[in-house]
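# Reading the structure
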Amino acid sequence: MLVILTKWSKQRWAWGLLAFSALVLLLAALYFQYQMNLEPCMLCVYARAALTGVMLAGVIGMTAPKSGTVRGIAWLLLAAAVSWGLFNSHDHVQVEQLVQSGGLYTCSLFPEFPLGLPLDRWFPDVFNPTGMCGEIGWSFLGLSMPEWTRIIFVIYSLFTLCLLFSQFKKVKYNPYD
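Anyway, here's the lowdown on the structure attached to this text.

### Remarks on the overall build of the protein
Helix and strand counts for the protein stand at 7 helices and 2 strands. Traced from its N-terminal end to its C-terminal end, the protein shows the element sequence α-α-α-α-α-α-β-β-α. Taken over 177 residues, the protein has a buried fraction of 37%. Within the protein, contacts between residues separated by at least 24 positions form 80% of all contacts whose residues are at least 6 apart in sequence.

As structure tokens, this is what we get:
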């Protein structure tokens with residue numbers, strides 16, 4: 001399996017599929033916001049920023065997938081985005097559980113994106129938090145949106161780890177592949 005992942009990491013379509021998956025999830029978030037009127041909280045917006053990082057990693061990887069340097073840059077961005085997304089989605093689930101059990105929690109007033117990027121000012125329609133943290137406005141199969149977001153980032157994390165380990169697997173030349 002690691003050999004397959006190593007080969008895939010050098011293919012343009014694989015990086016494109018990664019970028020496309022993140023784009024679909026971002027579009028779903030915008031559908032929830034603008035069609036279902038579910039206002040995003042600060043932690044929702046952070047998940048969107050992490051998905052944007054995953055998408056950018058896929059786009060960077062697509063530019064020159066056979067180049068080790070380009071793949072390395074895409075890797076670093078992917079690992080950072082997935083880690084940040086997983087951390088924030090886990091926090092979001094904990095905040096939701098706290099609020100649902102009767103506790104109090106308030107989000108910070110201003111978002112703090114990685115590298116100090118003012119995404120909420122550059123792209124307010126996507127990254128401006130307008131909702132309250134801890135509210136459950138949607139659920140599917142008994143899981144809330146933050147729980148689904150955490151599952152998504154766990155899957156991305158497992159994929160990223162498998163892909164990382166595959167990079168150290170030596171691929172033997174086989175002229176019949």
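### Things to note about the layout of surface pockets
Quantified by volume, the largest pocket comes out at close to 610 Å³. Considering the residues around the largest pocket, the lining is formed by 33 residues, among which F32, C44, M145, P146 and T149 are closest to the centre. At 6 residues, the largest contribution of residues to the lining of the largest pocket is made by helix α7 (residues 145–166). Considered class by class, the residues forming the lining of the largest pocket number 19 nonpolar, 10 polar and 4 charged. The computed volume of the second largest pocket comes to approximately 330 Å³. Every element with two or more residues in the lining of the second largest pocket is listed here: α3 (42–63), α4 (68–100) and α5 (119–122). For the lining of the second largest pocket, the class distribution of residues is 12 nonpolar, 2 polar and no charged.

### Re the nonpolar core
Membership of the largest hydrophobic core comes to 19 residues, with the highest contact counts inside it found for L18, A22, L51, V54, L78, F153 and Y156. For this core, the secondary structure elements donating two or more residues are α2 (12–34), α3, α4 and α7. No other element matches the 6 residues that α3 contributes to this core. Among all residues touching Y156, those that are not within four sequence positions of it are L18, S21, A22, L25, L51, V54 and V82. Counting 11 residues, the second largest nonpolar core, distinct from the first, contains V45, A49, F113 and C133.

### Looking at unusual backbone geometry
Phi is positive for N37, close to 55°, though the residue is something other than glycine. Mapped onto the elements, N37 comes out in the loop between α2 and α3.

Scoring rules and cut-offs
Each residue is numbered by its place in its chain's sequence as written, counting from 1. Whole-chain, interface and lining totals are the exception, using all residues; otherwise, since this is a predicted model, local features are given only for residues with pLDDT of at least 70 and side-chain atom pairs are given and counted only at 80 or more. Side-chain numbers come from the whole structure's heavy atoms, not from hydrogens or water. Each helix is a run of DSSP H or I of at least 4 residues and each strand a run of E of at least 2, with the numbering of both proceeding from the N terminus. Working definition: with a 1.4 Å probe on protein chains only, accessible area under 20% of the residue-type maximum means buried, over 50% means exposed, and in between means partly exposed. Contacts: residue pairs with any heavy atoms within 4.5 Å of one another. Points on a 1 Å grid over protein atoms alone make up a cavity when a 1.4 Å probe fits among them but cannot get out, and a pocket when they form an open set with protein on both sides within 12 Å along at least five of seven lines; lining residues each have an atom within 4 Å of a point. Grid points are joined across faces, edges and corners, and a volume is the space filled by probe spheres set on the points. When residues are sorted by character, Ala, Val, Leu, Ile, Met, Phe, Trp, Tyr, Cys and Pro go into the nonpolar class, Asp, Glu, Lys and Arg into the charged class, and all the rest, Gly among them, into the polar class. Here the nonpolar core consists of buried residues drawn from Ala, Val, Leu, Ile, Met, Phe, Trp, Tyr and Cys, with membership extended through side-chain atoms lying within 4.5 Å.

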